[in-house]
Amino acid sequence: MSRFKYSVGPWNVHEGADAYGPATRETIPFEEKIKSFKQMGFDAIQFHDDDAVPDMNNMTQDEIIGEAKKVKALLDKYDLKAEFVAPRLWMDKHTIDGGFTSNSKEDREFAMWRAFRSIDIANALGCDKIVLWLAREGTICYESKSPVQTTKWLIEAINRMLEYDKKIKIMIETKPNEPVDRSVCPTLGHAMAISSATIDPSRVGGLLESAHAMLAGLDPASEIGFAMAMGKLWGVHLNDQNGMKFDQDKSFGVENLRTAFNQMKVLMENGFGKNGEYIGLDVKVMRTQKQDGSYKHLENSLKIAKMLEEKIMKFDYEFQKKCVEERDYETLEMYVMELLMKG
Ligand code: GLO
Ligand code: MG
């Protein structure tokens, strides 16, 4: 029995298209996905604004809220919660140069419109969290934008969201690059600094994705620990990554098992989940997988996370203390390796 509640987004089951080739699997309808998520043991669903309300750009605010209420009824039917809503600020023609930090004023206003509607959708779905994955907030040509101005625009956009809804909480999902070359907010340290510069730092926190930390050359467990020390880790996207290359979103723990162990360990030791936080997965199945394997990566990631929980329950803190007192870190390290490798 896991001590955590787990969440997943509908985009985590996808058709397999990548930058170099088309889809390899059929689309699975939304309701079928969430039914399967429930059967697999997930407790909550992560949403993009247009996962909940497709075609929202062509709808009025009332129509959007009406559609979102239908999705809430679907969640209730399967006894699932909504964890967060994230405005998708990277697909539209208005977000070619970014959203909140686009050089076009009109496009910055479009981004605000999507952010406000995301808050409306979150309210209709019964959740109080917005995720900002700042996909295109940064540069692909360094001289095209001022790093000072874009940082200020980002803070201003968050302030406007905080003003729009006095209860909403914002989680910044940091990522150093991809699709941009240089992101405005690459690490949780940056997210915490942005938070402290807003009008209500108590409502601006972070979401750590394992792969994104690795892309920044950082240890995800340390990023988690840093944000938890600030009381500002409100979400995670556990997954894995083989080195500093494109964002792979591999199943949790399949490349870096000890790092995965330490991510779960820092979450467990510091009471993650006590305020209703979910352990979110953000994983992609391999493109080679056939249709009936569309959910394998989720099953595997959940299984690995739960097996690591069991390992951590067995962690001998007395022995660790002894090793630390004797400054015998070689023995401590071998103890961890044996814990992970023995059945
Ligand atoms: C991509 C991100 C992406 C976000 C999702 C929610 O690198 O990890 O999957 O998590 O869009 O904002
Ligand atoms: Mg993510």
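Residues numbered from 1 in each chain as written. Chains lettered and ligands numbered in written order. Predicted model: local features only at pLDDT ≥ 70, side-chain atom pairs only at ≥ 80, totals over all residues. Heavy atoms only, no water.

(A) Structural context of unusual backbone geometry. Along the chain, Glu178 connects to Pro179 via a cis peptide bond; the corresponding omega equals 5°. With respect to the secondary-structure elements, Pro179 resides in the loop between strand 6 (169–173) and strand 7 (182–183). One non-glycine residue, Asp79, lies in positive phi territory at about 55°. Considering the arrangement of structural elements, one finds Asp79 in the loop between helix 3 (61–77) and strand 3 (81–86). A positive phi is found at Asp249, a non-glycine position, where the angle reads about 50°. Inspection of the secondary structure assignment puts Asp249 in the loop between strand 9 (233–238) and helix 9 (257–269). Accessibility expressed as a relative area gives 5% for Asp249, which makes it buried. (Helix = DSSP H or I, 4+ residues; strand = E, 2+ residues; numbered from the N terminus. Buried < 20%, exposed > 50% of the residue type's maximum accessible area, 1.4 Å probe, protein only.)

(B) Region of interest: the coordination of the magnesium ion (ligand 2). Around the magnesium ion (ligand 2), the protein supplies Glu173 (OE), Glu209 (OE), His237 (ND1) and Asp282 (OD) as donor atoms, at distances of 1.9 to 2.3 Å. Geometry at the magnesium ion (ligand 2) is octahedral, judged from the six donor atoms that bind it and their angles of 83 to 174° at the metal. The exposure class of Glu173 is buried, given its relative accessible area of 5%. The class of His237 is buried, set by a relative accessible area of 1%. (Donors = N, O, S within 2.8 Å, 3.2 Å for Na, K, Ca; no water. Tetrahedral: all angles 85-135°; square planar, octahedral: opposite > 155°, others 65-115°.)

(C) Region of the structure containing the layout of surface pockets. Roughly 1500 Å³ of internal volume is contained in the largest pocket. If you go around the largest pocket, you meet 49 residues; those closest to its centre are His14, Ala17, Asp247, Asp249 and Lys284. Looking at the lining of the largest pocket, the elements with two or more residues in it are helix 1 (30–40), helix 2 (49–52), strand 3, strand 4 (129–133) and helix 10 (296–313). Considering each element in turn, the lining of the largest pocket owes the most residues, three residues, to helix 10. For the lining of the largest pocket, the residue count by class is 20 nonpolar, eleven polar and 18 charged. There is about 190 Å³ of room inside the second largest pocket. Around the second largest pocket sit Lys129, Lys169, Met228, Gly231, Lys232, Leu233, Trp234, Asn270, Gly271, Phe272, Asn275 and Glu277, which together line it. A per-class count over the lining of the second largest pocket returns four nonpolar, four polar and four charged. (1 Å grid on protein atoms, 1.4 Å probe; cavity = no way out; pocket = protein on both sides within 12 Å on 5 of 7 lines; lining within 4 Å. Points joined across faces, edges and corners; volume = space filled by probe spheres on them. Nonpolar A, V, L, I, M, F, W, Y, C, P; charged D, E, K, R; others polar.)

(D) Quick look at the side chain of Ser183. Of note, Ser183 is situated in strand 7. Within the local environment of Ser183, its side chain forms a polar contact with the backbone oxygen of Lys175, the two atoms lying 3.1 Å apart. A distance of 3.0 Å separates a polar atom in the side chain of Ser183 from the backbone nitrogen of Cys185. With sequence-adjacent residues up to four places away left out, Ser183 is seen in contact with Glu137, Gly138, Lys175, Pro176 and Asn177. (Polar contact = N/O pair within 3.5 Å; in protein donor to acceptor, adjacent residues only side chain to side chain. Contact = heavy atoms within 4.5 Å.)

(E) Structural context of the site of ligand 1. Inspection of the region around ligand 1 gives 13 residues, with His48, Glu173, Lys175, Glu209 and Asp282 positioned closest. One of the side-chain N or O atoms of Lys175 is found 2.9 Å from an oxygen atom in ligand 1. Contacts to ligand 1 include His237, whose side-chain N or O atom sits 3.1 Å from an oxygen atom. In isolation ligand 1 has 320 Å² of accessible area, and contact with the protein removes 93% of it. When each cavity is represented as a set of grid points, ligand 1 is found to reside in the largest pocket. Considering only residue class, the shell around ligand 1 consists of five nonpolar, three polar and five charged. (Near = heavy atom within 4 Å. Areas by Shrake-Rupley, 256 points an atom, 1.4 Å probe, with all protein chains shown as cover. Sits in = over half its atoms within 2 Å of the grid points.)

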